[in-house]
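Examination of the molecular architecture
Single-letter residue listing:
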Amino acid sequence: MSEDTSTRKGALGDLKKIFGSGSSNLRQFGILFSLIAIILLFQYLTDGLTLSSGNLINLVSQYSYILILAIGMVMVIIAGHIDLSVGSVAAFVGIVVATAMRDWNFPWPLAILLGLFVGMLIGAWQGAWVAYVGVPAFIVTLAGMLIFRGGNQVIGNANTVPVPDGFTIIGSGYLPEVGPNTGYNNLTLLLGLIIVVAVVYSEWRARRVQKIMGSTPAPLWVSIVKVVLLCAVIVYASVLFAGGRVGTSFPVSGIILGVLVLFYAFVTRNTIFGRHVYAVGGNKLAAELSGVKSRRVNFLVMMNMSILSALAGMIFVARSVASGPQDGLSWELDAIAAVFIGGAAVSGGIGTVVGSIIGGLVMAVLNNGLQLLGVGSDWVQIIKGMVLLVAVGVDVWNKSQGRPSIIGLLTRKKKTAEFPAEPPLVVPDTGTPESARPQATRPN
């Protein structure tokens, strides 16, 4: 190998480190590039409406509950299951909470706790059937979809139940206006600044830990480029969110989503329970032989999904200012699509929270952009279905080629013809002295 070739490969390796050191990170950034491409395409087609302040604020507020469902769904799918009941559970909890506030005079903070508790009970019910009775999650949650959809209509009598103004803050509230009049929402700008500082500190800490552990960190310029790119995007987004019409800013539902993303990303990557979820989904028998309590993992994963479904349902009801019989329809399909577009494997054991959020944003931006273009709902469904099919199909094809991502495919080394090495000499051992052995021969 020549020195120039070695130098080029080293530079390419350093460049790829901007997107992470592992194939999973490269794959996530490949999905992110797809999201950026879709945003830029619709920005051009809609004459700049896609990245307008009002549209971005509406996008986060409108799709935050689907992204919350995707967080729980990715853990369910990683564990090797599927949950078809999330939309019905969300609708059932929504009507229970709305009825509690209207008929039982529950204050809205207590009603939120009631909703989370009901979600926990539903999750424990479904988790027990899956983990301890052994009924497949597909069947349990299919039954749950029917049970809780019917329960929503029984409790609400198929009517709409309004909710009080205080409750609506979790679904349609924004960061308040504080401080001097700068023409922007100061709290939103402050939130963006905090995120920028967190990104810089995280990169500095990662390099410091690598040096302490004795590993060689990426070149300094790689870290600088990565931090500059991320911070530029964060600052630009912060200005857009802070520059919306008076009375709007970054949605409260977006803050709830951000906290959940950070929490569950930490749980799945840095805790024993998170590793157990991946182990059970990857190979249940091997995990059990290693001491993992697979029943407990499955129970908690299903219960966690229902709790997040309850939260998503309450956020939707708060945004809609009422709970109705049509709430939650097809939510499970949107959540599942977000997870698979985000890189999760159908067989389980593979997937990330961040990847699922990016996958959900791909579907959200696609849906939003098509609506801005005036495309009918029938064609929106067709296009979303094709995007899901193509995304998963390309992923499966790449895996069959031995590469985890499109980036891996593009950087695949070309195969060169190599002549097989000359076989070694074969000297038959007859047990006779060396001087009396026949001369070495090559096999035909």
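Before reading on, note that the structure itself is shown above.
Residues numbered from 1 in each chain as written. Predicted model: local features only at pLDDT ≥ 70, side-chain atom pairs only at ≥ 80, totals over all residues. Heavy atoms only, no water.

1. Focus: the pattern of salt bridges
One pass over the structure, following the stated rule, counts 3 salt bridges. Between Lys 226 and Glu 203 there is a salt bridge; the shortest N-O distance is 3.2 Å. On the criterion of sequence distance, the pair formed by Lys 226 in helix α9 (residues 220-242) and Glu 203 in helix α8 (residues 186-212) is long-range, its members being 23 residues apart. A residue is classified by how much of its surface remains accessible, and Glu 203, at 14% relative accessible area, is buried. (Salt bridge = Lys/Arg side-chain N within 4 Å of Asp/Glu carboxyl O. Helix = DSSP H or I, 4+ residues; strand = E, 2+ residues; numbered from the N terminus. Buried < 20%, exposed > 50% of the residue type's maximum accessible area, 1.4 Å probe, protein only.)

2. Here's the deal with the packing of aromatic side chains
Scanning the model with the defined rule gives 10 aromatic pairs in all. Centre to centre, the rings of Phe 92 and Phe 148 are 5.5 Å apart; their planes meet at 55 degrees, and the pair counts as tilted. Note that Phe 92 is positioned in helix α4 (residues 86-103) and Phe 148 in helix α6 (residues 137-156), a separation of 56 residues in sequence. Take Phe 92 and Phe 148: they sit in the same class, and that class is buried. Consider the rings of Phe 263 and Tyr 264, whose centres lie 5.1 Å apart with planes at 85 degrees: the pair is edge-to-face. (Phe/Tyr/Trp six-rings, centres within 6.5 Å; stacked < 30°, edge-to-face > 60°.)

3. Looking at helix α13 (residues 294-320)
The terminal C-alpha atoms of α13, which comprises 27 residues, lie 39 Å apart, in line with the 39 Å expected from a rise of 1.5 Å per residue. In terms of burial, α13 is a largely internal element, 21 of the 27 residues being buried. Count one or two residues on from α13 and you reach Val 321, which has phi positive near 65 degrees. (Expected span 1.5 Å × (residues − 1).)

4. Brief notes about a nonpolar patch on the surface
A cluster of nonpolar side chains, contributed by Trp 379, Ile 382, Met 386, Leu 389, Val 390 and Val 394, occupies part of the molecular surface with about 590 Å² of accessible area. Of note, Ile 382 is situated in helix α16 (residues 377-400). On the basis of relative accessible area, Ile 382 is assigned to the partly exposed category, the value being 45%. (Patch = residues over 30% accessible without salt bridge, like charges linked within 9 Å, V, L, I, M, F, W, Y side chains within 5 Å. Areas by Shrake-Rupley, 256 points an atom, 1.4 Å probe, with all protein chains shown as cover.)

5. Thoughts on the nonpolar core
The biggest cluster of nonpolar side chains holds 68 residues, and the ones touching the most others in it are Leu 69, Ile 71, Met 73, Val 93 and Phe 167. Non-local contacts of Phe 167, meaning those with residues more than four positions away in its chain, are made with Val 97, Met 101, Trp 108, Ile 112, Met 314, Val 317 and Ala 318. (Core = buried A, V, L, I, M, F, W, Y, C linked by side-chain atoms within 4.5 Å. Contact = heavy atoms within 4.5 Å.)

6. Brief notes about the packing of α4 against α6
Remark: α4 packs on α6, axes separated minimally by 8 Å, with the N-to-C direction vectors making an angle of 25 degrees. In terms of their interaxial angle, α4 and α6 are classed as roughly parallel. In this structure, α4 meets α6 at a crossing whose hand is left-handed. Residue-level inspection shows Gly 87, Ser 88, Val 89, Ala 91, Phe 92, Ile 95, Val 96 and Thr 99 of α4 in contact with α6, the latter providing Gly 144, Met 145, Phe 148, Arg 149, Gly 151, Asn 152, Ile 155 and Gly 156. Here the contact of α4 with α6 is composed, by residue class, of 8 nonpolar, 7 polar and 1 charged. (Axes fitted to C-alpha atoms, helices over the stretch in contact; angles between N-to-C directions. Parallel < 35°, antiparallel > 145°, perpendicular 65-115°, else oblique. Left-handed = near helix turned anticlockwise from the far one by under 90°. Nonpolar A, V, L, I, M, F, W, Y, C, P; charged D, E, K, R; others polar.)

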